[in-house]
Amino acid sequence: MLVNRKLILAHFWLAFVVFGIALTLGAWQMFIRSPIGTWLSNPELYYRSLTAHGTVMGYVFPTLVAMGFGYAISESALQQRLVGVRWAWAGFWLIVIGSVMAVIPIALGRASVLYTFYPPLIGNVFYYLGVVLVVVGSWIWVALMSINLRVWRKANPGAPVPLAMFANVAGSYLWAWTAVGAALELLLQIIPAAAGLKATIDAGLARVFFSWTLHAIVYFWLMPTYIAYYTIVPRAIGGRVYSDSMARISFILFLVVAMPIGMHHTFADPQVGAGFKFIHSAFTALVALPTLLTVFTICASVEIAARLRGGRGMFGWIKALPWDNPMMLALAFSFVMLGFGGAGGLINMSYQLDASIHNTQWITGHFHLIFGGAIVIMYFAIAYDLWPHLTGRELIDLRLIRTQLWLWFIGMIVTTFPWHWVGILGMPRRMAYFDFGDPAIAPQALSVTFSAIGGFILLASGIMFIVILARGMRALQVDAGPYRFALAVHEPKTVPVALNTHALWVALMIALTLTNYGYPILNLALSSGTSVPAVYVGAQ
Amino acid sequence: MTAQDTHGSASAEVAARVERRWATIAVIIIVVMAGLAAFAGIHRATMPQPRVEITDPSRLHLSGEFVESNLGSVLEANGNVTVHAIGQQYSFTPACIVVPVDTPITLRATSADVVHGILIQSTNVNTMLVPGYISEQLMRFSKTGDYLMPCQEFCSFGHEGMWGKVKVIDKTDFANRAKGGGRLSCVGQ
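Quick summary incoming for the structure in this document. Predicted, not measured: the structure shown is a model, and the values here were computed from it.

**Considerations on the overall build of chain B**
- When its secondary structure is counted, chain B shows two helices and 11 strands.
- Its helices and strands taken in sequence order, chain B reads α-β-β-β-β-β-β-β-β-β-β-β-α from the N to the C terminus.
- Radius of gyration (C-alpha) of chain B: 25 Å, far over the 16 Å computed for a compact globule of 189 residues.
- With the C-alpha coordinates aligned to their principal axes, the bounding extent of chain B is approximately 95 × 40 × 30 Å.

What follows is the structure, given as structure tokens:
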């Protein structure tokens, strides 16, 4: 039951258009910093481009996908018209206005602070206000998801909340809370300085605030992907979810332990003591748990599909999987990239190992594998799966879709593996260009060239993706039927209250955040003499 | 009760058992990882700097340990070496650090303006420079030679041009150069 299809399509289209633009910028950046395109004499253009790429890929694109997908889940999983459609449109337009407001100062070179802001560097105030509007728009979505679930609960007292909606609401709460860190940094520190009300800023405190957002935001990006793993993939390949409760536990674990781990981003920072760094390191290890559980449950679910199709033997069933099904392909690619990216993440999580790769290209490689690889490829799969239901038209060209997914997978590997390598060699990140004439840097030229080629493969794949969707808007009309989610092998008749509601877990999430962040933040906020003069970007 | 139901509950039990086993393995992996990190931290003393120290970046050049005459390497009475350095848009001072091989070295550094970072290639020396705070990093080089030391954190438009150097020289050479006291850098070598 998808009633508000226009609303959902608007979110997806805006998401994919800005994604296409940011992807083009990314490929251009790869090209001009490589030895094959060294014509850029003004690095400032590079950092404008990098700021736009990061801001769109980090805030705008995944938020819009999560919102559009969330509305689709709310209507189709709950079998209930979306409550608050007008508010949903208001949220959408806030994001549009916020994005435009942020992009103008970026394009003018007045906000080249990258998407992680870097105070005491301070950009134009409209850039930050734009980001705030995007976040406020998404908070409307958070409220709507919560309200819609409540309305459903009233109509269905005691019934198990459909898994897709349970996960969707967990993701929205995670986002609402993790965005608070950056919001505090922006509202209390950066915007007053950008607006000229204050001339100093505590850079150390700002970095701690931002780390509150900076890691859990990744799990917010990840949520639609994990929802697709559990509730779309098994249905699309003709199988069943191995375990409904395991899925719920995974989403709850993300909600609780993804939040209080961000300080591993400040492992090398002088303003946080060793103790809290160790605590955050241990919690970061813990967040591998829901992913390990998911890998198991999804592999088991896929195995069920294979055996239903006649697959046999210890590993022989893998052959019986429907490999020509784009969803199967996307899942396999996503898992491979999640495997490499996750292994890299476990290395980053350790303070000792982090020291050798902190802020090198390794990190860029790691998060591009996770976000650009494992996550975005499932965004593609979600769009392909939903499109016929949203447009009432079929997506016929499965071969083109498979080619697109293959290109994305290959492009991502070709881009990120060389980054990991040069990262180990100590190549710093966020560089507009390198002096490849320096004998100490020259050996890295080949790796950087490979990455640039990977960037263009990704761009080709992204263009194909948008073309496939656009062609799908004009294809033959079909009745795609109601949008369904995968069933579990053992459909839950009753679910324990703890696995059917979020209150307890939200409370735990907040409590853990306060214990893991409260003392360091208070300590920094109360110490005097740590504020430094703001440095305004573009003010000469 | 039908045969179907009995079959269903039996398979549910199998599923629950397999899940438990997998969850246990996952938890063990994580405990081992956290344990290794704790062991390396405590036994091998590879932990982050324990103390948070602050300094006013707008007064660095006037007084305190980061005044210009104090920047560079100094041989302490106990044979250890201390290096003081600052980062600013878009260079390090000193631009080239000279240190002896096989000697415990303490690097103390800070930033005079925005956030920078120090990374010495082919080593594990890697720390952030946040204005207002002092970063301390222990290091020891096992090989002589020249190492590149790029700024590893975005510090605005000139970031890509901010590359320092570390020159690791023979112990006795260093001791000879340090005889007169004062601070050493690669200058004059």
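Further notes follow.
**A look at the sheet that holds strand β5 (residues 96-100) of chain B**
All names here are of chain B.
- Strands sit in the order β5-β11-β10 across an open sheet of three strands; the sheet is mixed. Across the chains shown, the open sheet's two edge strands, defined by having one partner strand only, are β5 and β10 (145-150). Taking each pair of neighbouring strands and ignoring which way they run, the sheet shows an average axis angle of 25°.
- One ladder, built from six bridges, connects β10 with strand β11 (residues 163-169); its direction is antiparallel. By the bridge assignment for β11, Met 149 is matched with Gly 164.

**Let's talk about the packing of helix α13 (residues 361-391) of chain A against helix α14 (residues 398-424) of chain A**
All names here are of chain A.
- It is the contact of α13 with α14, at a shortest axis distance of 7 Å, that shows an interaxial angle of 170°. Overall, the two elements α13 and α14 adopt an arrangement that is roughly antiparallel.
- Grouping the amino acids of the contact of α13 with α14 by side-chain chemistry returns 14 nonpolar, 11 polar and no charged.

**Topic: helix α10 (residues 288-308) of chain A**
- Taking 1.5 Å of rise per residue, the 21 residues of α10(A) would be expected to cover 30 Å, and the 30 Å separating its terminal C-alpha atoms lies within 8% of that figure.
- Positive phi appears at A:Gly310, one or two residues downstream of α10(A), with a value of about 100°.

**Some thoughts on the packing of aromatic side chains**
Residue and element names in this part refer to chain A.
- Scanning the entire structure with this criterion turns up 46 aromatic pairs over all chains.
- A ring pair is formed by Phe 434 and Phe 436, whose centres lie 5.8 Å apart and whose planes are at 55°; its orientation type is tilted.
- For Phe 436, a relative accessible area of 14% puts it in the buried group.
- If you follow Arg 235 out to its NZ or CZ, it ends over the ring of Tyr 483, 5.2 Å from the centre.
- When the ring centre of Phe 166 is taken as reference, the NZ or CZ atom of Arg 248 above it lies at 5.3 Å.

**Details of a nonpolar patch on the surface**
- Side chains of A:Met314, A:Phe315, A:Ile318 and A:Trp323 sit close together on the surface and give an oily, nonpolar patch of about 460 Å² of accessible area.
- Since its relative accessible area comes to 35%, A:Trp323 is described here as partly exposed.

**Notes on the state of the cysteines**
Residue and element names in this part refer to chain B.
- Evaluated as defined, the whole model comprises one disulfide over all chains.
- Residue pairing for Cys 96: its cysteine sulfur links by disulfide to Cys 186, the two sulfurs lying 1.9 Å apart. Residues Cys 96 and Cys 186 are joined by a disulfide whose S-S torsion is about -65°; by sign, that bridge is left-handed. One end of the pair, Cys 96, is in strand β5; the other, Cys 186, is in the segment after α2 (171-177), with 90 residues separating them in the sequence. As far as the burial class goes, Cys 96 and Cys 186 line up, both buried.
- As a non-bridged cysteine, Cys 151 has Cys 155 as the owner of its nearest cysteine sulfur, 4.0 Å distant.

**Describing the interface of chain B and chain A**
- Facing the 57 residues of chain B at the interface are 69 residues of chain A.
- Around 5,000 Å² of area is buried between chain B and chain A when both sides are counted, 70% of it from carbon and sulfur atoms.
- The largest contributions to the chain B side of the interface with chain A come from B:Phe154, B:Phe157 and B:Glu160, which together make up 15% of the buried area.
- Viewed at the interface, chain A and chain B are joined by two salt bridges.

**Observations regarding the environment of B:Asn126**
- Relative to the assigned elements, B:Asn126 resides in strand β8 (residues 126-129).
- Exposure remark for B:Asn126: the relative accessible area of 6% places this residue in the buried category.
- Along the sequence, B:Asn126 and B:Asp56 sit 70 residues apart, while their C-alpha atoms lie 22 Å from each other.
- Once you skip the residues sitting within four places of it in the chain, B:Asn126 turns out to touch A:Ala268, A:Asp354, A:Ala355, A:Ser356, A:Ile357, A:His358, B:Ile118, B:Leu119, B:Gln137 and B:Gln152.
- Separated by 2.8 Å, the side chains of B:Asn126 and B:Gln152 make a polar contact.

**As for the pairing of strand β3 (residues 81-88) of chain B**
Residue and element names in this part refer to chain B.
- Extensive coverage of β3 is indicated by the burial of eight of its eight residues.
- Residues Val 81, Val 83, Ala 85 and Gly 87 line one face of β3 and the alternating positions Thr 82, His 84, Ile 86 and Gln 88 line the opposite face, and both faces are buried.
- Bridge count between strand β2 (residues 72-75) and β3: four bridges; the pairing is antiparallel. Within the sheet, the bridge partner assigned to Leu 75 lies in β3 and is Val 81.

**As for the nonpolar core**
Residues and elements named next belong to chain A.
- Ranked by internal contacts, the top residues of the largest apolar core, which has 219 residues, are Phe 12, Phe 61, Tyr 71, Tyr 127 and Tyr 128.
- Element by element, the count of residues in this core is highest for helix α6 (residues 203-231), at 20 residues.
- The contact partners of Tyr 128, leaving out residues within four places of it in the chain, are Val 113, Phe 117, Leu 121, Ile 122, Gly 123, Leu 186, Ile 190, Ile 191 and Ala 194.
- One finds Tyr 242, Met 246, Leu 289 and Ala 300 within the second-largest nonpolar core, a separate group that totals 13 residues.

**Re the pattern of salt bridges**
- Summed over the entire model, instances satisfying the criterion amount to 13 salt bridges over all chains.
- Here A:Glu44 makes a salt bridge to A:Arg48, at a shortest N to O gap of 3.0 Å. Of this pair, A:Glu44 and A:Arg48 both sit in helix α2 (residues 43-78), four residues apart, which is roughly one turn of that helix.
- Of the residues examined, A:Arg48 reaches a relative accessible area of 21% and is grouped as partly exposed.
- Through salt bridges with shared partners, a single ionic network connects B:Arg51, B:Glu53, B:Glu65, B:Arg108 and B:Glu136.

**Re the packing of α6(A) against helix α8 (residues 244-257) of chain A**
Residues and elements named next belong to chain A.
- At a closest axis distance of 11 Å, the pairing of α6 and α8 adopts a crossing angle of 175°. The angle between α6 and α8 places the two elements in the roughly antiparallel class. Contacts between α6 and α8 involve Tyr 219, Leu 222, Met 223, Tyr 226, Ile 227 and Tyr 230 from the former and Met 246, Ala 247, Ser 250, Phe 251 and Phe 254 from the latter.
- Looking at side-chain class alone, the contact of α6 with α8 contains 10 nonpolar, one polar and no charged residues.

**Some details on the side chain of A:Thr415**
All names here are of chain A.
- With respect to the secondary-structure elements, Thr 415 resides in helix α14.
- The exposure class assigned to Thr 415 is buried, which follows from its relative accessible area of 3%.
- A polar contact of 2.6 Å, which involves the side chain of Thr 415, links it to the backbone oxygen of Gly 411.
- Residue contacts for Thr 415: discarding those within four places in its chain leaves Ser 451, Gly 454, Gly 455 and Leu 458.

Rules behind the numbers
Residues numbered from 1 in each chain as written. Chains lettered and ligands numbered in written order. Predicted model: local features only at pLDDT ≥ 70, side-chain atom pairs only at ≥ 80, totals over all residues. Heavy atoms only, no water. Helix = DSSP H or I, 4+ residues; strand = E, 2+ residues; numbered from the N terminus. Rg over C-alpha atoms; globule rule 2.2 N^0.38 Å. Pairing = 2+ DSSP bridges. Axes fitted to C-alpha atoms, helices over the stretch in contact; angles between N-to-C directions. Parallel < 35°, antiparallel > 145°, perpendicular 65-115°, else oblique. Nonpolar A, V, L, I, M, F, W, Y, C, P; charged D, E, K, R; others polar. Expected span 1.5 Å × (residues − 1). Phe/Tyr/Trp six-rings, centres within 6.5 Å; stacked < 30°, edge-to-face > 60°. Buried < 20%, exposed > 50% of the residue type's maximum accessible area, 1.4 Å probe, protein only. Lys NZ or Arg CZ within 6 Å of the ring centre and 35° of its normal. Patch = residues over 30% accessible without salt bridge, like charges linked within 9 Å, V, L, I, M, F, W, Y side chains within 5 Å. Areas by Shrake-Rupley, 256 points an atom, 1.4 Å probe, with all protein chains shown as cover. Salt bridge = Lys/Arg side-chain N within 4 Å of Asp/Glu carboxyl O. Disulfide = S-S within 2.5 Å. Contact = heavy atoms within 4.5 Å. Buried area = accessible area lost by both parts, 1.4 Å probe. Polar contact = N/O pair within 3.5 Å; in protein donor to acceptor, adjacent residues only side chain to side chain. Core = buried A, V, L, I, M, F, W, Y, C linked by side-chain atoms within 4.5 Å.

It is worth stressing that arrangement in space is one thing and function is another; only the former is reported here.
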